[in-house]
Amino acid sequence: CPPLGLETLKITDFQLHASTAKRYGLGAHRGRLNIQAGVNENDFYDGAWCAGRNDPYQWIEVDARRLTKFTGVITQGRNSLWSSNWVTSYRVLVSNDSHAWTAVRNESGDVIFEGNSEKEIPVLNMLPVPLVARYIRINPRSWFEEGSICMRLEILGCPLPDPNNYYHRRNEMTTTDNLDFKHHNYKEMRQLMKTVNKMCPNITRIYNIGKSNQGLKLYAVEISDNPGEHEVGEPEFRYIAGAHGNEVLGRELILLLMQFMCQEYLAGNPRIVHLIEDTRIHLLPSVNPDGYDKAYKAGSELGGWSLGRWTQDGIDINNNFPDLNSLLWESEDQKKSKRKVPNHHIPIPDWYLSENATVAVETRAIIAWMEKIPFVLGGNLQGGELVVAYPYDMVRSMWKTQDYTPTPDDHVFRWLAYSYASTHRLMTDARRRACHTEDFQKEDGTVNGASWHTVAGSINDFSYLHTNCFELSIYVGCDKYPHESELPEEWENNRESLIVFMEQVHRGIKGIVRDVHGKGIPNAVISVEGVNHDIRTGADGDYWRLLNPGEYMVGVKAEGYTTATKTCEVGYDMGATQCDFTISKTNLARIKEIMKKFGKQPISLSMRRLRQRA
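Residues numbered from 1 in each chain as written. Predicted model: local features only at pLDDT ≥ 70, side-chain atom pairs only at ≥ 80, totals over all residues. Heavy atoms only, no water.

Visitor: For unusual backbone geometry, give the residues involved together with the corresponding values.
Guide: Between proline 391 and tyrosine 392 the backbone carries a cis peptide bond, its omega angle lying at 5°. Structurally, the position occupied by tyrosine 392 is in the loop between strand 16 (385–390) and helix 9 (410–421). With a phi angle near 70°, asparagine 34 is a residue other than glycine that sits in the positive phi range. Structurally, the position occupied by asparagine 34 is in the loop between strand 1 (16–18) and strand 2 (49–50). The exposure class assigned to asparagine 34 is buried, which follows from its relative accessible area of 4%. Despite not being glycine, asparagine 523 has its phi angle at roughly 65°, a positive value. Along the chain, asparagine 523 falls in the loop between strand 19 (509–514) and strand 20 (525–528). (Helix = DSSP H or I, 4+ residues; strand = E, 2+ residues; numbered from the N terminus. Buried < 20%, exposed > 50% of the residue type's maximum accessible area, 1.4 Å probe, protein only.)

Encoded structure:
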């Protein structure tokens, strides 16, 4: 049977009860598998249920609210940086009225189940025979001798059909989409991509961006009306997932998304057809397939919080990018600094490019991919929380670990984050409880990364400062690795958001910068008055600049060309405003061009004067 949903919060706080609790933050409502305590371990958000006394009469109880066939129990110790507490053995009891209890028994009496030997690795115990009841109670019998009675748990059980139970019917989630709702290992993921490509050969293309540490190819699927080529004037979008190998919900959502878009395109859904014809979409479901393989082998409930998070060589991909923030801020703080750092397309430092740098091969592959394709907007799907985080992810002050650190495009990022959160079924629901320790309701399910926790070298900050792409981290669920049975509901939770976020790539201004002969000018700098962050044109002279509705003074400059400015207005309707530029070569550039043509080098005026003096 699948989990009842303590970890996914399907089981509400009102369904959890305990004999005693050490304090509120260690109450029964905190006794959920994989719940995290946070750094403070304060009275509200601690890392387990802990009994108020250490004796064999303590218990924690789950009310399934309907008859359920209970088949197993998974336990963990207390999540804590400072203390060690776990239960080493326990009894299991069931009841239909919460008054008369029956213990799980075998021929020799009450079964004593073996518990945990440390605080983080989950331990599964299957019941000798499944038991049908409404309530289930865990009664600790022994615990770590230097600690106290503390535990986190998940119950495995199949709810029995009950046509009269209005409460359950009201909360059931079904989907009408005919998709492959299962967890896909590496081989199955590859096969699914082939199936989608076979169904929609005219709009899909499979390619890889590199290999993992263990040699697994990092496959991506492109969805576009002209797969394999960049169309001038068409923006490029990306979703990636699985940078942390054990956060698998994002991986499955991307696999579901590619199936859904193919099916809806074939069915003639005008919204999806329009999106595919006007956008080049790249979907990379597994950035860290080596880590995923470890988590997959353990299974959805038994990997704990971190098994498979890192690459094979122990690197966290999400924070493995060059720290360009420090270079930019040092340059801004030291106005007289000889080394001026631009406010965009900041070069990667030499030390990072050396072979000895601690950089994962997966990270290098992503950077090469980001530099090759002119992405405009991207989302990296993560797990373990329910929030959209936008840059900067790193605090500017050296002395703080949390501080709101906005980019020059803060208003745009906040809108992008809200566009996903507000269309998600749960992110902005004021009634839902926090996943672990943070309540993001005050910001409508969004958060500035640095105000949450500071991180140097994040993919979001790097993408913003090194390329034209605005990237956000989308945390799609409290449970990093939900059970297969949860996937249809998670798809329904995220489907609309995934599509709405892609549509935001068409917000702002776009255009082509040409010379007087109509040829596109690559690498021209596009600046917006009042926003200290520029972007550059692509190889064909085309550009896209994400902006909120309003009127903007937009300027363009390119080496050897005259500068130009014009007013561009962004409306509220979806669709970027066309804002083209035609610029001519400067007189000096034209003279240089003519002289070069005839094999002569132009002499600068200052040099000519020096020669005359001599």
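Visitor: Requested: an account of the pattern of salt bridges, with residues and values cited.
Guide: In a structure, side chains of opposite charge can pair up when their charged atoms sit close to one another. According to the stated counting rule, one finds 31 salt bridges in the structure shown. The salt bridge involving glutamate 486 is made with lysine 10; its shortest N-O contact spans 3.7 Å. One end of the pair, glutamate 486, is in the loop between strand 18 (470–477) and helix 12 (487–503); the other, lysine 10, is in the segment before strand 1, and 476 residues separate them in sequence. Among the ionic pairs, aspartate 403 bridges to lysine 400, the shortest N-O distance being 3.8 Å. Judged by its relative accessible area of 28%, aspartate 403 is partly exposed. Among the charged side chains, a salt-bridge network with shared partners connects Arg205, Glu222, Glu236 and Arg280. (Salt bridge = Lys/Arg side-chain N within 4 Å of Asp/Glu carboxyl O.)

Visitor: Requested: an account of the nonpolar core, with residues and values cited.
Guide: Formed by 92 residues in total, the largest nonpolar core has its most connected members in Tyr239 and Met261. Looking at which element gives the most residues to this core, the answer is helix 3 (residues 249–266), with 10 residues. Among residues more than four places away in sequence, those in contact with methionine 261 are Ile223, Ile272, Leu275, Ile276, Ile281 and Met502. Membership of the second largest hydrophobic core comes to 27 residues, among which are Leu6, Ala51, Val87 and Val111. (Core = buried A, V, L, I, M, F, W, Y, C linked by side-chain atoms within 4.5 Å. Contact = heavy atoms within 4.5 Å.)

Visitor: Explain the pairing of strand 10 (residues 150–159) residue by residue, including any values.
Guide: Strand 10 sits mainly inside the fold: 8 of its 10 residues count as buried. Relative to strand 10, strand 2 runs antiparallel, the two sharing 2 bridges. Residue pairing for strand 10: cysteine 50 is matched across the bridge by cysteine 150. In this sheet, strand 10 lies alongside strand 3 (residues 60–76) in antiparallel orientation, the contact comprising 8 bridges. The residue bridging threonine 75 from the neighbouring strand is leucine 153, located in strand 10. (Pairing = 2+ DSSP bridges.)

Visitor: Lay out the domain arrangement of the protein with the relevant residues and their values.
Guide: Examined at the domain level, the protein breaks down into domain 1 (13–161), domain 2 (186–506) and domain 3 (509–598). The gap between the C-alpha centroids of domain 2 and domain 3 is 29 Å. Each side of the interface is counted separately: domain 2 has 26 residues, and domain 3 has 19 residues. Counting the contacts that link domain 2 with domain 3 gives 1 salt bridge. Ionic pairing is found between aspartate 409 and arginine 545, a salt bridge with its closest N-O pair at 3.0 Å. Put simply, domain 2 and domain 3 have 13 residue pairs in polar contact (both at pLDDT 80 or more) between them. Those elements that provide at least two residues to the side of domain 2 that touches domain 3 are strand 15 (375–382) and helix 9. Here the side of domain 2 that touches domain 3 gets 4 residues from one element, more than from any other, and that element is helix 9. When grouped by side-chain class, the residues that make up the side of domain 2 that touches domain 3 number 12 nonpolar, 9 polar and 5 charged. (Domains from an automatic or database assignment. Polar contact = N/O pair within 3.5 Å; in protein donor to acceptor, adjacent residues only side chain to side chain. Nonpolar A, V, L, I, M, F, W, Y, C, P; charged D, E, K, R; others polar.)

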